[in-house]
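# Reading the structure
Spelled out, the chains give:
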Amino acid sequence: MVAMENIKDLLEKFISKNRINKADEGDVIKDNWEKIAGDLAKGTKPFKYDKKKLFIYAENSVIMSEITYKKRVLKSRINAYFKKETVKEIIARLRQ
């Protein structure tokens, strides 16, 4: 029975370490973008999340300027949604 408990512990550690069965933060952000970003979601779309950096497409230069101006607000909303620091940096790109 001891061997089975050790295997169980090893599997749980492996699953936890490799984040199996947990939603990726980037996918959660994409799936809940309107809820998280609120009024800032209009004309924007997150397209990449890597190493706590969130990349967002903006439909036009006006929206891109607004996102650039309100990065702190948006970052705060995202981190509040996850109740931890999930995003350290937001990078806006103009969608072409």
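For the structure, check the block above.
The shown structure was predicted, so the numbers you read here are calculated from the model rather than taken from an experiment.

With that settled, the discussion passes to the packing of aromatic side chains. The tally for this structure, following the rule as stated, stands at three aromatic pairs. For the pair phenylalanine 47 and phenylalanine 55, a centre-to-centre distance of 6.0 Å together with 55° between the ring planes defines the contact as tilted. Each ring, one from tyrosine 81 and one from phenylalanine 82, has its centre 5.5 Å from the other, and the planes form 80°; the classification is edge-to-face. Of the residues examined, tyrosine 81 reaches a relative accessible area of 32% and is grouped as partly exposed. Taken together through their ring pairs, the aromatic side chains of Phe47, Phe55 and Tyr57 make up a single cluster.

What follows covers the environment of lysine 48. Along the polypeptide, lysine 48 turns up in strand S1 (residues 44–50). Remark: the alpha-carbon pair of lysine 48 and lysine 30, spanning 18 residues in sequence, is separated by 8.9 Å. Not counting residues within four places of it along the chain, the set of residues in contact with lysine 48 comprises Lys30, Lys53, Leu54 and Phe55.

Along its twelve residues, helix H5 (residues 71–82) runs 17 Å from first to last C-alpha, staying within 8% of the 16 Å computed at 1.5 Å per residue. Contacts from the buried residues of H5 go to helix H2 (25–31), helix H3 (33–37), strand S2 (53–58), helix H4 (61–69) and strand S3 (89–94). Directly beyond the C-terminal end of H5, a positive phi value near 60° is found at lysine 83.

Moving on to the sheet that holds S3. One open sheet accounts for three strands, arranged S1-S2-S3; its pairing is mixed. The sheet terminates laterally at S1 and S3, the two strands that pair on one side only. Each strand of the sheet is rotated relative to its neighbour by a mean of 25°, with strand direction disregarded. When S2 meets S3, the two strands line up parallel, connected through six bridges. Residue pairing in the sheet places lysine 53 in a bridge with glutamate 89 of S3. Where H4 meets the sheet, it contacts S1, S2 and S3, and its direction lies at approximately 170° from that of S3.

So, about unusual backbone geometry. We note that lysine 52 has phi near 65°; this positive angle belongs to a residue other than glycine. Mapped onto the elements, lysine 52 comes out in the loop between S1 and S2. Accessibility expressed as a relative area gives 33% for lysine 52, which makes it partly exposed. A positive phi angle, near 60°, is found at lysine 83, a position not held by glycine. Examined against the element boundaries, lysine 83 turns out to sit in the loop between H5 and S3. Given the relative accessible area of 74%, lysine 83 is considered exposed.

Conventions we followed
- Residues numbered from 1 in each chain as written.
- Predicted model: local features only at pLDDT ≥ 70, side-chain atom pairs only at ≥ 80, totals over all residues.
- Heavy atoms only, no water.
- Phe/Tyr/Trp six-rings, centres within 6.5 Å; stacked < 30°, edge-to-face > 60°.
- Buried < 20%, exposed > 50% of the residue type's maximum accessible area, 1.4 Å probe, protein only.
- Helix = DSSP H or I, 4+ residues; strand = E, 2+ residues; numbered from the N terminus.
- Contact = heavy atoms within 4.5 Å.
- Expected span 1.5 Å × (residues − 1).
- Pairing = 2+ DSSP bridges.
- Axes fitted to C-alpha atoms, helices over the stretch in contact; angles between N-to-C directions.

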